[in-house]
Amino acid sequence: MGLIVEAIITGLLTGGVYALMASGLTLVFGVMDIINIGQGALVILGAYLSYVLEQNLHIDLFVGLLITMPFMFVLGVLIELLFIRPIRRDRTMFSILVTFGVALIIEGVLNLIFSADYVQLHAWYITASFPVAGFYLSYIYVFGFLLAVVLLGVLYLLLYRTKFGHSLRATMQNRTAAELVGIDVERVSAITFGIGVALAAAGGMAFGATTSFNANSAYDLISRLLAIIIFGGMGSLQGALIASLGMLVIEDVTSVVWSPVWASTVFFILLVVILLIRPQGLLGQVGGRKQ
Amino acid sequence: MIGRYASRPRTFMSTIGVFIVTLFVLSACGGGTTSTSPTPTSQPQGPIKIGISLSLSGDFSADGKAFQQGYQLWADTVNKNGGLLGRQVKLDIVSDASSTTQVVTNYQKLITVNHDDLILGPFSTLLTKPASVVANRYGYAMIEGAGGGPSVFTQGLHNLFDVSPPVANLVVSFTQYILSLPASQRPTTAAYATQNDPFTQPQVDTARQLLEQGGVKTVSYQVYPSETTDFTPIAQKMIAAKAQVVVTGTLLPDITAFIQAFKQQHYNPQALIATAGPDQGSQFTKAIGGAPAAEGIFVPNGGWYPTINTFQNAQMVQNYLAAYGGTADGISSDVAEGYAVGQVLVQAVNKIHSIDNAKLIAELHSGDTFQSVQGDVKFNDQGENILASGYLFQWQKGSLVSVYPANQATNPPEFPKPNWP
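Definitions and limits used
Residues numbered from 1 in each chain as written. Chains lettered and ligands numbered in written order. Predicted model: local features only at pLDDT ≥ 70, side-chain atom pairs only at ≥ 80, totals over all residues. Helix = DSSP H or I, 4+ residues; strand = E, 2+ residues; numbered from the N terminus. Buried ≥ 20, exposed ≤ 12 C-beta atoms within 10 Å, placed from the backbone. Contact = placed C-beta atoms within 7 Å. Rg over C-alpha atoms; globule rule 2.2 N^0.38 Å. Nonpolar A, V, L, I, M, F, W, Y, C, P; charged D, E, K, R; others polar. Expected span 1.5 Å × (residues − 1). Pairing = 2+ DSSP bridges. pLDDT = per-residue confidence, 0-100. Core = buried A, V, L, I, M, F, W, Y, C linked by C-beta atoms within 7 Å. Domains from an automatic or database assignment. Axes fitted to C-alpha atoms, helices over the stretch in contact; angles between N-to-C directions.

### A closer look at the overall build of chain B
Scanning chain B from terminus to terminus reveals 13 helices and 14 strands. For chain B, buried positions account for 51% of its 421 residues. Restricting the contact set of chain B to residue pairs at least 6 apart, pairs at least 24 apart contribute 69%.

Structure (structure tokens):
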């Protein structure tokens, strides 16, 4: 029983970090109708940026986010301007190819700079832990979860309490109508993409603190992130959060109760069942956005 | 009549002439296919092209790139010494992204499109299996150094040769050591966790079987998919089992995650062994937070370490450091495996004075012994190296040292493992 409780707690905490990574992906889809296959590579890029700051300037991983997140925001805006905006038709289809190309470029550059050697982030709170309910809980999982709560909270306030948020949500609901009422949809898109990439920086730091990684670690990540946003409903932030927590808890509990081999299988069976009942995912809109 | 008889000799002569010409043509053709004389050196000859598919991206990229260094180092050395049969060696390396389908496409292309003279093996048992089938289809010999899983040798192929020790036997020395401990010290429980990979799982299963036979009870056994990114629940189960011995079938990312979880949970088994990861030198120690954290961790060794006194090893280490820098301790064993593959190829080709693949396969099956940086090499009918044996290595005071069997040990084993720093 203790093992199951432990699995549920660590599943929830790890799920928070995955929510951080997936929220950027689902936000970008909601606003721009594009599937950013490069999100996994951007998460790994974020992890490497934290690694550089930690190794060379001895900057704490969380403090380093004050540098890496703005940097990644600007990078995201540039990617949107250079690669996404020129796509004028079949955006969803072409975006998959274009963002896959972006992912390959990022992977190639990272391989060139850092080689294929695995690295891991280091800080006192990564290996330190404290006792709770008969087992030890690592500080990094708690801190990572708190980071996710704070950033997703800020994102929520941005979406629902600011003028930009109104513009963004209007664009999510109906891009054409938003343009008609005077919203600069292209500006909103660029900023949204930048926010999505900035969130990848934070997610990358938390990922790199719990797992050793190299440039190729993006492949395993992106498949899980896509599963999360499909489960939660494409374009739904709340859905991504629930799906992330649900996925990790289901997998962790299955792993300790049954076998790690079945951990992903059980989640995907549940995903198929949910999609049969609700093809739009847990909190996705029926029929997608109206254009 | 005269006319009739007069025409006979002409017809006869014509028939004889056609017969002679036919014989001459057949003789010429046959000579082209069966002659065993070496090619005259006066003819202009290009380099010998050797096709290799390596995992330069994807899950095996760290090992794939180290293997590339080993192959390249060998090719550079051969070329510096005058080449192979007097011809320069040119490596035709393509990336398979650690994919079992891409590796098939790659070898198909290397053989049928690039028309490479020879091929060498990819990284990992997982990729060697499908790759060797393609090579066999076209009659190419495939010498390799990282496809030692049992399933590779049960395919019934005649063209496959692994210069490294058979994988399943690599952890035997660890189990022998554990079972050789006095009864009062000998652990009684063990936990196992392995990727579902044909390289790692057979090793862990062999260890489990031998330890159980020796009276060590299995308290946890887990197999997990190789694409797993969250290793926490797997580690939790091992920790909850409170096993005295932990045997993991891992590569670098998963053993790093396990060690991190063990440290977080203040769990320190008496003995910890990983099939791979701790053999990655400084890459491993950096990932787990420094050399002190590695103290006491075991890893099976495929028969090579930087200071081993084997054929041309000192030269290889020297050349590696000159080409890539770093320290000898930081050289991955993948480098030696790739280099050893090349060494066996050179010796076999020099013995037959040919790069004909059929002759090469026959020579490798002849029972001859070859020398390599990993030790002596001799192949059985399945292509396994029957002279190779794995040693047991352990991290001690910042270095990976040989600890078992005693006749190969530089230091005695450290047992039980000291606590995490």
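### Here's the deal with the overall build of chain A
Helices and strands together make up the secondary structure of chain A, namely 12 helices and 2 strands. Mapped from its N terminus to its C terminus, chain A presents α and β elements in the order α-α-α-α-α-β-β-α-α-α-α-α-α-α. A compact globule built from 291 residues would reach a C-alpha radius of gyration of about 19 Å, and chain A, at 19 Å, matches this within 12%. C-alpha atoms of chain A, sized along the principal axes, occupy 60 × 50 × 35 Å.

### A short note on the interface of chain B and chain A
In many analyses, interface size is given as the accessible surface area lost on bringing the parts together. Opposite the 34 residues of chain B that make contact, chain A presents 35 residues. Looking at the side of chain B that touches chain A, the elements that each hand over two or more residues are α2 (61-80), β7 (217-224), α7 (232-241), α8 (252-264) and α9 (282-287) of chain B. Looking at the side of chain B that touches chain A, the element that brings in the most residues is α8 of chain B, giving 7 residues. Residues that form the side of chain B that touches chain A fall into these classes: 11 nonpolar, 16 polar and 7 charged.

### Here we look at helix α4 (residues 91-114) of chain A
All names here are of chain A. The end-to-end C-alpha separation of α4 is 33 Å, in line with the 34 Å expected for 24 residues at 1.5 Å each. Contact partners of the buried residues in α4: α2 (39-57), α3 (61-84) and α10 (218-232). Positive phi shows up at serine 115, right after α4, with a value of about 65 degrees.

### Let's talk about the pairing of strand β14 (residues 399-404) of chain B
Residue and element names in this part refer to chain B. Of the pairings in the sheet, the one linking strand β13 (residues 391-396) to β14 comprises 5 bridges and is antiparallel in character. Note on β14: the bridge partner recorded for phenylalanine 393 is serine 402. Hairpin geometry of β13 and β14 is characterised by an intervening segment of 2 residues between the two adjacent antiparallel strands and by a positive phi of about 50 degrees at lysine 397.

### Some thoughts on the confidence of the model for chain B
Residues and elements named next belong to chain B. Of the residues in chain B, 90% have a pLDDT of 70 or more, and the chain-wide mean is 87. A low-confidence stretch, residues 1-44 (pLDDT under 50), is modelled with 2 contacts involving residues beyond four sequence positions or located in other chains. Two summary scores accompany this predicted model of the complex, namely pTM at 0.75 and ipTM at 0.80.

### Description of the nonpolar core
Within the largest apolar cluster, 210 residues are counted, with the highest numbers of intra-cluster contacts made by Leu20, Ile44 and Ala202 of chain A together with Ile119 of chain B. In terms of residues, this core owes the most to one element, helix α9 (residues 185-210) of chain A, which gives 15 residues. Residue-level mapping places this core at the junction of two domains, with at least three residues from each of domain 1 (48-164 + 308-377) and domain 2 (169-302 + 391-408) of chain B. Residues contacting alanine 202 of chain A, with those up to four places away along its chain left out, are Leu20, Leu65, Met69, Leu147 and Leu151 of chain A.

### Details of unusual backbone geometry
Residue and element names in this part refer to chain B. Of note, the bond from tyrosine 404 into proline 405 is cis; its omega dihedral lies within 30 degrees of zero at 0 degrees. If you trace the backbone, proline 405 turns up in the segment after β14. Phenylalanine 415 connects to proline 416 through a cis peptide bond whose omega is -5 degrees. Considering the arrangement of structural elements, one finds proline 416 in the segment after β14. Positive phi values are uncommon outside glycine, yet serine 98 reaches one of about 65 degrees. For serine 98, the location among the structural elements is in the loop between β2 (89-95) and α3 (100-112). For glutamine 312, which is not a glycine, the phi torsion comes out positive at approximately 60 degrees.

### Re the domain arrangement of chain B
All names here are of chain B. Structurally, chain B comprises domain 1 (48-164 + 308-377) and domain 2 (169-302 + 391-408). Averaged C-alpha coordinates put domain 1 and domain 2 at centres separated by 28 Å. Of the residues lining the interface, 16 residues belong to domain 1; the matching set on domain 2 comes to 14 residues. Those elements giving two or more residues to the side of domain 1 that touches domain 2 turn out to be α4 (125-137) and α12 (333-352). Here the side of domain 1 that touches domain 2 is composed, by residue class, of 4 nonpolar, 9 polar and 3 charged.

### A look at the sheet that holds strand β5 (residues 160-162) of chain B
Residues and elements named next belong to chain B. Spatial strand order, β2-β1-β3-β4-β5: 5 strands in an open sheet with parallel pairing. Whereas interior strands pair on both sides, the edge strands pair on one side only; in this sheet they are β2 and β5. Across the sheet, the axes of successive neighbouring strands diverge by a mean angle of 25 degrees, strand direction being ignored. Pairing geometry for strand β4 (residues 142-144) and β5, over 3 bridges, is parallel. Along β5, the bridge assignment pairs glutamate 144 with aspartate 162.

### Side note on the environment of threonine 250 of chain B
Residues and elements named next belong to chain B. Of note, threonine 250 is situated in the loop between β8 (245-249) and α8. On the basis of neighbour counts, which here come to 27 C-beta atoms within 10 Å, the residue threonine 250 falls in the buried class. When the C-alpha positions of threonine 250 and phenylalanine 60 are compared, they lie 12 Å apart, and in sequence the two are 190 residues distant. The contacts of threonine 250, once residues within four sequence positions are left out, are Gln195, Thr200, Ile255, Ala274, Thr275, Ala276 and Gly277.

### Quick look at the pairing of β13 of chain B
All names here are of chain B. Counting buried residues in β13 gives 6 out of 6 residues, a clear majority hidden from the surface. Because side chains alternate across β13, one face comprises the buried residues Tyr391, Phe393 and Trp395, and the other comprises Leu392, Gln394 and Gln396, equally buried. Pairing between strand β10 (residues 298-301) and β13: 4 bridges, direction antiparallel. Each residue of the ladder has a partner; that of asparagine 301, found in β13, is tyrosine 391.

### Overview of α10 of chain A
Residue pairs three or four apart in sequence face the same way in an α-helix, which turns once every 3.6 residues. Residues and elements named next belong to chain A. The end-to-end C-alpha distance of α10, which contains 15 residues, comes to 21 Å, matching closely the 21 Å that a straight helix rising 1.5 Å per residue would cover. Listed in full, the buried residues belonging to α10 are Ala218, Leu221, Ile222, Arg224, Leu225, Ile228, Ile229, Phe231 and Gly232. Buried residues along α10 sit against α1 (2-32), α2, α4, α11 (237-257) and α12 (260-277). Directly after α10, the chain includes glycine 233, whose backbone phi takes a positive value near 110 degrees.

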